[in-house]
Amino acid sequence: MRHYLLSIRQPGGGTPPPEVLEPIMRELAVLNEDLRAAGAWVFSGGLHAPDTATVVRARDGEELVTDGPYTEGKEHVGGLTIIRASDLDEALEWGRRLARATTLPIEVRPFAHVVGDDDGGV
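Quick summary incoming for the structure in this document. (Residues numbered from 1 in each chain as written. Predicted model: local features only at pLDDT ≥ 70, side-chain atom pairs only at ≥ 80, totals over all residues. Heavy atoms only, no water.)

**Points about the layout of surface pockets**
Here the largest pocket is characterised by a volume of approximately 720 Å³. If you trace the largest pocket, you find 32 residues lining it, with Gln10, Leu21, Met25, Gly46 and Gly78 closest to the centre. Contributions of two or more residues to the lining of the largest pocket are made by β1 (2-11), α1 (18-37), β2 (41-46), β5 (75-85) and α2 (88-102). Of the residues assigned to the lining of the largest pocket, the class counts are 16 nonpolar, 16 polar and no charged. In this structure, the second largest pocket spans a volume of roughly 250 Å³. Forming the boundary of the second largest pocket are 13 residues, of which Pro50, Pro69, Tyr70, Thr71 and His76 lie nearest the centre. Of the residues belonging to the lining of the second largest pocket, the class tally is six nonpolar, five polar and two charged. (1 Å grid on protein atoms, 1.4 Å probe; cavity = no way out; pocket = protein on both sides within 12 Å on 5 of 7 lines; lining within 4 Å. Points joined across faces, edges and corners; volume = space filled by probe spheres on them. Helix = DSSP H or I, 4+ residues; strand = E, 2+ residues; numbered from the N terminus. Nonpolar A, V, L, I, M, F, W, Y, C, P; charged D, E, K, R; others polar.)

This is the structure we're talking about:
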């Protein structure tokens, strides 16, 4: 089994109103239960807005810490889910379901290596 990152690409502009957000959260709860029942769920969570980020860079033996996101743009990673899937097709199917539930673009990306995983994530 490989591990895949399903990242939610969220537009800027803050949190949607409750009448928009509540049905999405219900759909996400169903999807997360289905992921768990299938043995595919590893981790998931939403993120605070990009302006809450802190970037740490190492240069010349010292660390530089700056407030704000690494890059600014019209979209940002709003949340993520890590899954186990037998292949890309299976991961894409979970990505499709996540896209339908959130109504947002989902980037599906395989991990190159998972520390502590018996098959090395490949």
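**Quick look at the sheet that holds β5**
Spatial strand order, β2-β5-β1-β6: four strands in an open sheet with antiparallel pairing. In this open sheet, the two edge strands, each paired with only one partner strand, are β2 and β6 (106-110). Taking each pair of neighbouring strands and ignoring which way they run, the sheet shows an average axis angle of 20°. Of the pairings in the sheet, the one linking β2 to β5 comprises five bridges and is antiparallel in character. Residue Phe43 lies in a different strand from β5, and its bridge partner there is Ile82. (Pairing = 2+ DSSP bridges. Axes fitted to C-alpha atoms, helices over the stretch in contact; angles between N-to-C directions.)

**Notes on α2**
Helix length check: α2 (15 residues) gives 20 Å between terminal C-alpha atoms against 21 Å at 1.5 Å per residue, within 8%. Ala91, Trp94, Gly95, Leu98, Ala101 and Thr102 are the residues of α2 that are buried. Along the long axis of α2, the arc covered by the buried residues comes to 120°, so they all point the same way. Every exposed residue of α2 that faces more than 90 degrees away from the buried side is listed here: Asp89 and Arg100. Looking at the buried positions of α2, the neighbouring elements they touch are β1, α1, β5 and β6. Structurally, the start of α2 carries an N-cap: the backbone nitrogen of Asp89 is 3.2 Å from a side-chain oxygen of Asp87. (Expected span 1.5 Å × (residues − 1). Buried < 20%, exposed > 50% of the residue type's maximum accessible area, 1.4 Å probe, protein only. Arc of directions from axis to C-beta. Contact = heavy atoms within 4.5 Å. Polar contact = N/O pair within 3.5 Å; in protein donor to acceptor, adjacent residues only side chain to side chain.)

**Section: the pattern of salt bridges**
Scanning all chains against the criterion turns up four salt bridges. Between Asp34 and Arg97 there is a salt bridge, and its shortest N-O distance comes to 2.6 Å. Highlighted residues: Asp34 in helix α1 and Arg97 in helix α2, separated in sequence by 63 residues. Overall, the relative accessible area of 31% leaves Asp34 in the partly exposed class. A relative accessible area of 24% places Arg97 in the partly exposed class. Across the pair Arg109 and Glu107 runs a salt bridge whose closest N-O atoms are separated by 2.5 Å. The partly exposed category is assigned to Arg109, whose relative accessible area is 46%. The class of Glu107 is partly exposed, set by a relative accessible area of 28%. (Salt bridge = Lys/Arg side-chain N within 4 Å of Asp/Glu carboxyl O.)

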